[in-house]
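# Working through the structure, step by step
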Amino acid sequence: MNKDIAKIVGENLKLARKAKGITQKELAKELNKYQPDYSEYESGKIQLDYEKIIYLCERLDITPNDLFGINF
């Protein structure tokens with residue numbers, strides 16, 4: 001794989017968030033994080049844990065496959 005998975009997830013997370021019209025600050029608050037910390041998820045600097053993956057997929061109406069960029 002030529003791209004780091006955390007970067008792929010971050011890019012897909014950003015696209016899904018923007019499609020819903022939600023700000024980083026709003027999602028950060030829902031996750032009990034500060035906006036700069038949340039931003040690191042979207043930039044691929046920090047990997048999401050399982051609970052956050054599930055929460056964000058449900059919140060943004062996407063599947064884990066969408067988040068990870070997996071197409072079968």
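Because the structure is a prediction, the values reported are computed rather than measured.

### With respect to the pattern of salt bridges
Per the counting criterion, the structure on display carries 4 salt bridges. A salt bridge links Arg17 to Glu42; the shortest N-O distance between them is 2.5 Å. Taken together, the positions of Arg17 in helix H1 (residues 5-19) and Glu42 in helix H3 (residues 35-42) put the pair 25 residues apart, joining distant regions of the chain. We note a salt bridge from Glu30 to Arg59, for which the minimum N-O separation is 2.8 Å. Here Arg59 lies in helix H4 (residues 50-60) and Glu30 lies in helix H2 (residues 24-30), a separation of 29 residues in the sequence. By relative accessible area, which is 31% here, Glu30 ends up partly exposed. Since its relative accessible area comes to 31%, Arg59 is described here as partly exposed.

### Side note on the environment of Gly44
Looking at the secondary structure, you find Gly44 in the loop between H3 and H4. Considering only alpha carbons, one finds Gly44 and Ala6, 38 residues apart in sequence, at a separation of 4.5 Å. Those residues in contact with Gly44, other than ones at most four positions away along the chain, are Asp4, Ala6 and Lys7.

### Considering the packing of aromatic side chains
Going through the model one piece at a time under the given rule, you end up with 1 aromatic pair. Centre to centre, the rings of Tyr38 and Tyr41 are 5.9 Å apart; their planes meet at 80 degrees, and the pair counts as edge-to-face. With Tyr38 and Tyr41 both in helix H3, this residue pair falls 3 residues apart, about one helical turn. In terms of burial, Tyr38 and Tyr41 fall into one category: buried.

Conventions and cut-offs
Residues numbered from 1 in each chain as written. Predicted model: local features only at pLDDT ≥ 70, side-chain atom pairs only at ≥ 80, totals over all residues. Heavy atoms only, no water. Salt bridge = Lys/Arg side-chain N within 4 Å of Asp/Glu carboxyl O. Helix = DSSP H or I, 4+ residues; strand = E, 2+ residues; numbered from the N terminus. Buried < 20%, exposed > 50% of the residue type's maximum accessible area, 1.4 Å probe, protein only. Contact = heavy atoms within 4.5 Å. Phe/Tyr/Trp six-rings, centres within 6.5 Å; stacked < 30°, edge-to-face > 60°.

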